[in-house]
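Understanding the architecture of this molecule
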Amino acid sequence: MNQLEYEWVKKTPRQLLIHSITHEFHHEGQIVIMLRLLGYTPENTDILVLE
């Protein structure tokens, strides 16, 4: 049986925030592409839509 070795990674709060935001955009893009492949045109997914 293999033992897993874990190594601590230090990240600043800023790095964690930026990672969380970009990761969310990544998944949002995946969903939009899947919808388009299914023939659906999604509405604007930006929560900060300026009218």
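In short, a report on the structure. Owing to the predicted nature of the structure, the values given are computational and were not obtained by experimental measurement.

Details of the overall build of the protein
- Counting its regular elements, the protein contains one helix and zero strands.
- Counting only residues that meet the buried cut, the protein has 4% of its 51 residues in that class.
- When the accessible surface of the protein is split by element, carbon and sulfur atoms take 62% of a total near 5,800 Å².

So, helix α1 (residues 13-37)
- For α1, with 25 residues, the first-to-last C-alpha span of 37 Å sits near the 36 Å given by 1.5 Å per residue.
- A positive backbone phi angle near 90° is found at G39, which sits one or two residues after α1.

Reading guide: rules and limits
Residues numbered from 1 in each chain as written. Predicted model: local features only at pLDDT ≥ 70, side-chain atom pairs only at ≥ 80, totals over all residues. Heavy atoms only, no water. Helix = DSSP H or I, 4+ residues; strand = E, 2+ residues; numbered from the N terminus. Buried < 20%, exposed > 50% of the residue type's maximum accessible area, 1.4 Å probe, protein only. Areas by Shrake-Rupley, 256 points an atom, 1.4 Å probe, with all protein chains shown as cover. Expected span 1.5 Å × (residues − 1).

The values are spatial; any link to function lies outside them.
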